[in-house]
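# Coordinate inspection notes
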Amino acid sequence: MTDSDRARLSRAQFLRLTGAAVSVAAVSGLVAACSTSPRPHPGPERILLDGVRGYTCTASGLHRFSSLLIDAHGRVEALDPAGTAGARRIDGRGRVCLPGFHDAHGHIWSFGAAATQIDLAGVRSVDDALRVIATYAREHRDRPWLLGRGWNDVGWGRLPSAADLDRVVEDRPLWLLRVDSHAGVANTAALRLAGITASTPDPAGGQIIRDHDGRPTGVLVDAAKKLIEQHIPAPTLLDYEDRLLAAQHRLNAAGLTSISEASTAPDQIAALFDLTNTRRMTLRINAFLNWDAFVRFGKHARTDSGADDMLRVRTVKLIADGALGSYGAALLDPYTDRPTSRGLPQLQPAELTSRVRQIVDAGYQSAIHAIGDYANRIALDAYTDVLGSVRGPRLRHRIEHAQVLAPPDLPRLQQLGLIASMQPSHATDDMNMAEARLGAARLSGAYAWRSLLDQGTIIAAGSDFPVSSHRPFDGIHAAVTRTDRDGQPVGGWHREQAMTVAEALRAYTLDAAYAAHQERVLGSLTPGKHADFVLLDQDLFWPQKPLWQTEVLQTWVGGRRIGEYGQL
């Protein structure tokens with residue numbers, strides 16, 4: 001297949017690629033088509049959005065404006081322009097206008113899947129969870145597997161078990177991911193199908209939780225999840241496309257115009273390029289390849305700007321450890337409330353360094369998931385080893401989460417020029433168990449936004465959706481107040497690490513775009529950039545209600561209104 005043949009790959013041909021794997025040649029063709037496919041615009045019309053209270057972050061600070069002129073190509077022509085002849089005027093009615101938000105770390109595939117699966121987010125007890133599961137099972141008798149996510153044992157008093165799940169579902173396998181996606185619980189039917197027994201060993205980087213007699217309880221952590229998940233029927237290409245479209249609708253409604261998708265697998269790449277090539281995306285995606293996708297496709301999947309900046313694939317995700325809540329975060333010293341464990345490293349230091357070197361040599365940006373202080377230490381060591389020998393421009397490599405660091409390691413992020421990709425809501429989600437897991441002393445380097453900002457490290461803010469709320473205003477509320485939605489704890493949890501509103505806004509817009517190498521075209525409302533913006537019902541700098549209650553009235557992408565959710 002020649003390069004020109006690949007660029008002409010038709011949708012009919014593309015749909016036939018569904019199956020166990022997508023070929024390198026097909027991905028090359030999809031990338032070529034994506035790179036040359038312009039995004040349509042409704043016509044040669046200039047638009048003046050007038051009478052707004054506008055804010056945008058710039059290199060020199062926060063800039064205010066009252067009108068926004070959009071050119072015929074959907075880009076910002078001017079702020080507060082002197083001449084607007086021929087432009088169609090839209091009255092902003094005094095509403096607040098901000099750049100569209102960019103979630104720097106989310107999981108769009110699982111977020112989209114959650115719309116059709118069992119949702120246990122916010123469920124307060126095992127018994128309540130069982131009621132939700134039983135209702136879903138009755139309504140979906142035709143499904144051979146029952147899948148769900150969102151349970152959180154913090155506050156339940158104990159972990160759920162297969163015995164619990166068997167009370168409501170015995171006739172077919174049931175698999176439920178924890179809120180952090182780093183653990184799951186299976187019923188007996190699923191354990192039996194996977195062949196998991198008392199004699200099954202813990203896999204490297206994983207743990208089978210067992211009772212006092214050594215029998216599996218049904219809970220599997222990190223790498224042990226694969227023992228179940230390898231038996232779940234694989235989604236089809238159309239399943240992935242449906243999930244992506246469902247997710248983007250909800251994300252646009254929350255004010256998100258772009259995201260960094262934190263783990264795209266080989267069989268998901270086809271859906272991503274297809275929806276972009278066929279111009280069905282209203283959400284700009286900066287996709288991270290997972291390691292399997294990188295190994296399979298390498299440079300063939302790489303694109304800096306597809307379909308007028310609707311798609312970027314230039315980052316590879318590595319995972320150094322698990323999550324704090326499920327005791328998977330890798331720590332330098334044992335867990336305070338589980339002194340026999342230091343967590344579950346997913347890669348040994350030498351292997352992590354080797355993978356970072358391969359990513360950098362291939363011209364990709366590296367993004368390492370690291371939550372515990374040991375995982376962050378070996379991530380920093382890997383970057384030190386690799387970046388010290390790199391010639392040419394660096395690609396703003398990232399640490400995803402950077403959640404718990406030993407205080408001496410904090411300055412190393414700045415010294416290495418690394419991006420701290422952090423999720424403000426994780427602090428308020430974790431505050432009820434973080435000190436129990438870590439002890440008071442280790443919290444000095446945990447969720448340390450102020451310490452990082454003060455040393456000059458750039459923070460790109462995200463949510464880790466669906467682990468935490470996808471709404472940027474929940475994240476901004478957490479970043480600024482360090483409290484939950486109920487305003488607890490009074491005064492904020494470790495308030496000394498809080499951000500200002502301007503810093504939080506920048507982390508969710510301009511700096512998130514910078515972390516994605518897209519600050520020249522996204523992240524702020526300045527001339528020449530895409531006119532991606534939102535209109536809100538309140539001013540974040542002068543709020544009349546809690547920040548998390550802020551509502552999106554309209555979302556615009558590329559100078560087009562793609563969602564209207566309330567009256568101006």
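Structure: see above.
On a predicted model such as this, the values are computed, not experimentally measured, just so you know.

One finds Leu 98, Phe 101, Ile 108, Ile 285, Leu 324 and Val 356 to be the most contacted residues of the largest nonpolar core, which totals 102 residues. Examining the composition of this core, we find that eight residues originate from one element, helix H13 (residues 373–387), more than from any other. Residue assignment places this core across two domains, with domain 1 (44–100 + 523–567) and domain 3 (237–520) each supplying three or more. Those residues in contact with Ile 108 that sit more than four places away from it in its chain are Leu 244, Ala 247, Leu 251, Ile 259, Glu 261, Leu 283, Ile 285 and Phe 465. If you look at the next biggest cluster of nonpolar residues, it comprises 22 residues, including Leu 130, Trp 151, Trp 156 and Val 169.

Here the focus is H13. Spanning 15 residues, H13 covers 21 Å between terminal C-alpha atoms, matching the ideal 21 Å at 1.5 Å per step. Along H13, the positions that sit buried rather than exposed are Asp 373, Ala 375, Asn 376, Ile 378, Ala 379, Leu 380, Ala 382, Tyr 383, Val 386 and Leu 387.

Below, the discussion takes up the environment of Val 96. Inspection of the secondary structure assignment puts Val 96 in strand E5 (residues 96–99). Looking at Val 96, the relative accessible area reads 1%, which means it is buried. In this structure, the C-alpha to C-alpha distance between Val 96 and Leu 177, residues 81 residues apart in sequence, is 38 Å. Once residues within four sequence positions are removed from consideration, Val 96 is found in contact with Arg 53, Tyr 55, Val 534, Leu 535, Leu 536, Gln 538 and Asp 539.

Residue position: Thr 353 is located in helix H12 (residues 349–361). For Thr 353, a relative accessible area of 14% corresponds to the buried category. Sequence separation of Thr 353 and Tyr 383 is 30 residues, and the distance between their C-alpha atoms is 7.3 Å.

Bringing the packing of helix H9 (residues 237–253) against helix H10 (residues 266–277) into the picture now. The geometry of H9 relative to H10 is characterised by a closest axis approach of 9 Å and an angle of 60° between their N-to-C directions. As summarised for this structure, H9 and H10 are arranged oblique, according to the angle between their axes. At the point where H9 passes H10, the crossing takes the right-handed sense. In this structure, H9 contributes Leu 237, Tyr 240, Glu 241, Leu 244 and Leu 245 to the contact, and H10 contributes Asp 267, Gln 268, Ala 270, Ala 271, Leu 272, Asp 274 and Leu 275. When the residues that make up the contact of H9 with H10 are grouped by side-chain class, the tally is eight nonpolar, one polar and three charged.

Tallying each qualifying case throughout the model produces zero disulfides. This cysteine, Cys 57, is not joined by any disulfide, and Cys 97 carries the nearest cysteine sulfur, 13 Å off. In this structure Cys 57 comes out as buried when scored by relative accessible area, which is 4%. We classify Cys 97 as buried; its relative accessible area is 0%.

Here we take up the packing of aromatic side chains. Given two aromatic rings, one states the distance between the centres and the angle between the planes to describe the pair. Counted by the stated rule, this structure contains eleven aromatic pairs. Ring centres of Phe 111 and Phe 465 lie 5.0 Å apart, and the angle between their planes is 65°; this geometry places the pair in the edge-to-face category. Within this pair, whereas Phe 111 is found in helix H4 (residues 108–114), its partner Phe 465 is found in the loop between strand E20 (459–461) and helix H18 (472–481), the two being separated by 354 residues in sequence. A relative accessible area of 0% means that Phe 465 is categorised as buried. Through a chain of ring-to-ring contacts, the aromatic side chains of Phe 101, Phe 473 and Tyr 508 assemble into a single cluster. Lying over the aromatic face of Tyr 327, Arg 338 brings its terminal NZ or CZ to 3.7 Å of the ring centre.

About the cut-offs
- Residues numbered from 1 in each chain as written.
- Predicted model: local features only at pLDDT ≥ 70, side-chain atom pairs only at ≥ 80, totals over all residues.
- Heavy atoms only, no water.
- Core = buried A, V, L, I, M, F, W, Y, C linked by side-chain atoms within 4.5 Å.
- Buried < 20%, exposed > 50% of the residue type's maximum accessible area, 1.4 Å probe, protein only.
- Helix = DSSP H or I, 4+ residues; strand = E, 2+ residues; numbered from the N terminus.
- Domains from an automatic or database assignment.
- Contact = heavy atoms within 4.5 Å.
- Expected span 1.5 Å × (residues − 1).
- Axes fitted to C-alpha atoms, helices over the stretch in contact; angles between N-to-C directions.
- Parallel < 35°, antiparallel > 145°, perpendicular 65-115°, else oblique.
- Left-handed = near helix turned anticlockwise from the far one by under 90°.
- Nonpolar A, V, L, I, M, F, W, Y, C, P; charged D, E, K, R; others polar.
- Disulfide = S-S within 2.5 Å.
- Phe/Tyr/Trp six-rings, centres within 6.5 Å; stacked < 30°, edge-to-face > 60°.
- Lys NZ or Arg CZ within 6 Å of the ring centre and 35° of its normal.

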